[in-house]
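# Breakdown of the fold
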Amino acid sequence: MSTFALVDGNSFYASCERVFRPDLAGRPIIVLSNNDGCVVARSAEAKALGIPAFLPFYQVQQLCRKHRVTVFSSNYALYGDMSRRMMNVLSRFAPVQEIYSIDECFLDVTGITDLDSHGHRIRQAVWQGLGIPTCVGMGSSKTLAKLANHVAKKRPEWNGVFEWDWLNPREADRLLAEFAVGEVWGIGRRIAEKLTLMNIHSALDLKQADPRHIKRKFNVVVERTVAELNGVACLALEDVAPAKQQIISSRSFSRLVRDLPSLSASISHHVARAAEKLRAQGCAAGLIGVSIRTNPFRDLGQYHGYTCVPLVHPSADTLLLNQAAQAALRAIWRKEFSYHKAGVILMDIGPATRQQQDMFSPLPDPKRSRLMAAIDKLNRDFGSGTIKLGAEGLTEDWRMKQEKKSPCYTTRVGDIVQLR
Amino acid sequence: MHHPIPLSRSSPLRIPLVASSVRAGFPSPADDYVQDNINLNTLLVDDPDCTFLMMASNDAIHGIFKGDYVLIDKARAPVHGNVVVAAHEDGFVLRRLHKQQGMLALLADAPGYPLIPAEGDYTLQIWGVVIAVVRRLV
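Let me sum up the structure you'll find in this document. Small disclaimer: the values here were computed from a predicted structure and weren't measured.

For the rest of this paragraph, the subject is the overall build of chain A. When its secondary structure is counted, chain A shows 15 helices and 13 strands. Out of the 420 residues in chain A, the part that is buried amounts to 52%. Taking the intrachain contacts of chain A between residues at least 6 apart in sequence as the baseline, contacts between residues at least 24 apart amount to 68%. When the accessible surface of chain A is totalled, it reaches about 19400 Å², and 53% of it is carbon and sulfur.

Structure below.
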């Protein structure tokens, strides 16, 4: 039988800020989205003050002042680097790792005998080595591991580590009954609403539902979720919801490329291709990763640059995605290397409609979606690449408002901590 | 993301152990003995994922000067005598850890720096152990 662990950083962005601001231990922290628009992350203390997520900052500004909440603009260079470090540390604890988002990954911990102490060792390694608090949830399927992680996070009595096998079946069911069906991994709002109409309200109800009935009413994905809740692993670490969870576009160059403009053009090209696929699925991406690498078979300096940039609002807009990708490229490009391959990965992919629930700051211009649809149609009708991004889409007009940004402590020499 | 992407490491600085500096004529027979490179990162850093760079801004510790880069291994368990980085007041200090005979405190090697004791309800918040110092001369 397989065992999976889902490890994630608690209030990840806020925790990253706190690593370099020990004076903020135990103090409320919030992190704002691009342009200081809305609240995207809250420390536990800020959540306890009742500051809601995704509200425009101006609506909570007074509350923040009153409770002396420390406010940060988002510092993706810092979060990206701390994420990279955390994922590397976590990879030491299992033979197979699947990085699921900037702050969480699955580990295959099948065959490890003492999962309790393994889980605590994982937490300890990330806490001691990086100063980031984490929670570890374990179960015999990825869906159960995800739920176990919620338990580890919300029930302090488990000290941040929880595995379903520690409970007898009756206790496990009682706990499952406390989760709304919409909290189950992969059960979106619309499916949850439909399930509620079928009198399936909790995770336990879904576990006990007739899989064939679920398959008829929904699809094989929801049927698989039922099996996963029953402890049958249907999703391996490699095949999370095929085609939908990530889209990759990458290619090797015909000759080595050194300069930034050429790399930049190639990244734009990959963004355009990936975004077209994304729109064809009716989806939007919340995270874009950019990767550039040298040729491992050439006797030249070796380098693999990778970073990912979260988008405030999931988007399928080529121009927006490209702006994020270009910022990521500038962060990882090193002028001393010759590059062999470049690519982009779209992650955190969900239905394009989900934007609306998270969005309080201005919605993307609907004209832009029509523009994207028109571009896709022209490219379909007249051949790929008929309409491309112009150079103006690639360059520097992306200046974010970031008034409260912390230093890039780990990625910029001029920003490192001065010791007294 | 399906496969863990091998995330970027800082670019290795490669210095050939043996290399001929004569470019003209025959290659030096010593070139046959080039076996490896010295990589300053691996020489100075044990655990790159948990190692951070900070800068000294005073001369509190012998051998470390203002403006020196210090490499801090956050995963390493501090022991008596280690130079450590600790959270103090609203910033970080560079001090030597004293942990002997029931006394726990942070000390400077140089005079003029008050001892930071771990007493009462104040515990030392050791952030990491300094494992190396980097200083450019020119």
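The geometry of two aromatic rings is summed up by the distance between their centres and the angle between their planes. Residue and element names in this part refer to chain A. Under the counting rule described, the total for this entry stands at 18 aromatic pairs over all chains. Centroid distance Y100 to F106: 5.7 Å. Interplanar angle 70°. Geometry classified as edge-to-face. By relative accessible area, Y100 is classed as buried at 16%. A residue is classified by how much of its surface remains accessible, and F106, at 0% relative accessible area, is buried. With a centroid separation of 5.6 Å and an interplanar angle of 80°, the aromatic rings of Y100 and W185 are classed as edge-to-face. On the criterion of sequence distance, the pair formed by Y100 in strand β5 (residues 97-101) and W185 in the loop between α7 (169-176) and α8 (189-197) is long-range, its members being 85 residues apart. On the accessibility criterion, W185 (15% relative accessible area) is buried.

Take the nonpolar core next. Core analysis: the biggest nonpolar cluster contains 59 residues, and F20 and M82 of chain A have the highest contact counts within it. With eight residues, the single largest contributor to this core is helix α4 (residues 76-91) of chain A. Non-local contacts of F20 of chain A, meaning those with residues more than four positions away in its chain, are made with L78, M82, Y409, T410 and V417 of chain A together with F52, M54, F92 and W127 of chain B. Formed by 30 residues, the second largest nonpolar core is a distinct cluster that contains I267, C283, V290 and I349 of chain A.

On to the pairing of strand β10 (residues 283-293) of chain A, then. Residues and elements named next belong to chain A. With 10 of its 11 residues buried, β10 lies for the most part within the structure. Examined bridge by bridge, β10 and strand β12 (residues 339-351) share 10 bridges and lie antiparallel to one another. The residue of β12 that forms the bridge with I292 is A342. By the bridge criterion, eight bridges tie β10 to strand β11 (residues 304-315) in an arrangement that is antiparallel. Across the sheet, the residue bridging to R293 is H304, located in β11.

Another aspect to go through is the sheet that holds strand β3 (residues 39-42) of chain A. Residue and element names in this part refer to chain A. Spatially, three strands are ordered β3-β2-β4 in an open sheet, and the strand pairing comes out mixed. With one partner strand each, in any of the chains shown, β3 and β4 (70-73) form the two edges of the open sheet. The average undirected angle you get between the axes of adjacent strands in this sheet is 25°. Judged from the four bridges that link them, strand β2 (residues 29-32) and β4 form a sheet pairing that is parallel. Its bridge partner being in β4, L32 is matched across the sheet by S73. In the packing of helix α1 (residues 12-19) onto the sheet, the strands contacted are β2, β3 and β4, and the crossing angle to β2 comes to about 115°. In this fold helix α3 (residues 57-66) packs onto β2, β3 and β4, with an angle of close to 160° to the strand it touches most, β2.

Bringing the interface of chain A and chain B into the picture now. Facing the 41 residues of chain A at the interface are 39 residues of chain B. At the boundary of chain A with chain B, total buried surface from both sides reaches about 3600 Å², with 57% on carbon and sulfur atoms. When the buried area of chain A at its contact with chain B is split by residue, I99, L419 and R420 of chain A rank highest and sum to 23% of it. Counting across the chain A and chain B interface gives three salt bridges. Across the salt bridge formed by D47 of chain B and R92 of chain A, the nearest N and O atoms sit 2.7 Å from each other. For the interface between chain A and chain B, the tally reads 13 residue pairs in polar contact (both at pLDDT 80 or more). Sorting the residues of the side of chain A that touches chain B by element identifies α4, β5, α5 (115-130), β11, β12 and β13 (418-419) of chain A as the ones contributing at least two each. Looking at the side of chain A that touches chain B element by element, the count peaks at six residues for α4 of chain A.

Another aspect to go through is the sheet that holds β10 of chain A. All names here are of chain A. Taking strand neighbours across the sheet as the criterion, the four strands line up as β9-β12-β10-β11 in an open arrangement whose pairing is antiparallel. One side of each edge strand has no neighbouring strand; the edge strands of this open sheet are β9 (247-257) and β11. Taking the axes of each pair of neighbouring strands and ignoring which way they run, one obtains an average angle of 15° across the sheet. Relative to β12, helix α12 (residues 260-280) is tilted by about 30°, and along the sheet it contacts β9, β10, β11 and β12.

Now for unusual backbone geometry. Phi at R68 of chain A is positive, roughly 50°, even though this residue is not glycine. You can call R68 of chain A exposed: its relative accessible area is 60%. Here E89 of chain B, not a glycine, exhibits a phi torsion of approximately 50°, which is positive. As for its position among the elements, E89 of chain B is in the loop between β5 (83-88) and β6 (91-100). Exposure remark for E89 of chain B: the relative accessible area of 64% places this residue in the exposed category.

Definitions and cut-offs
Residues numbered from 1 in each chain as written. Chains lettered and ligands numbered in written order. Predicted model: local features only at pLDDT ≥ 70, side-chain atom pairs only at ≥ 80, totals over all residues. Heavy atoms only, no water. Helix = DSSP H or I, 4+ residues; strand = E, 2+ residues; numbered from the N terminus. Buried < 20%, exposed > 50% of the residue type's maximum accessible area, 1.4 Å probe, protein only. Contact = heavy atoms within 4.5 Å. Areas by Shrake-Rupley, 256 points an atom, 1.4 Å probe, with all protein chains shown as cover. Phe/Tyr/Trp six-rings, centres within 6.5 Å; stacked < 30°, edge-to-face > 60°. Core = buried A, V, L, I, M, F, W, Y, C linked by side-chain atoms within 4.5 Å. Pairing = 2+ DSSP bridges. Axes fitted to C-alpha atoms, helices over the stretch in contact; angles between N-to-C directions. Buried area = accessible area lost by both parts, 1.4 Å probe. Salt bridge = Lys/Arg side-chain N within 4 Å of Asp/Glu carboxyl O. Polar contact = N/O pair within 3.5 Å; in protein donor to acceptor, adjacent residues only side chain to side chain.

The analysis is restricted to geometry; functional conclusions fall outside its scope.
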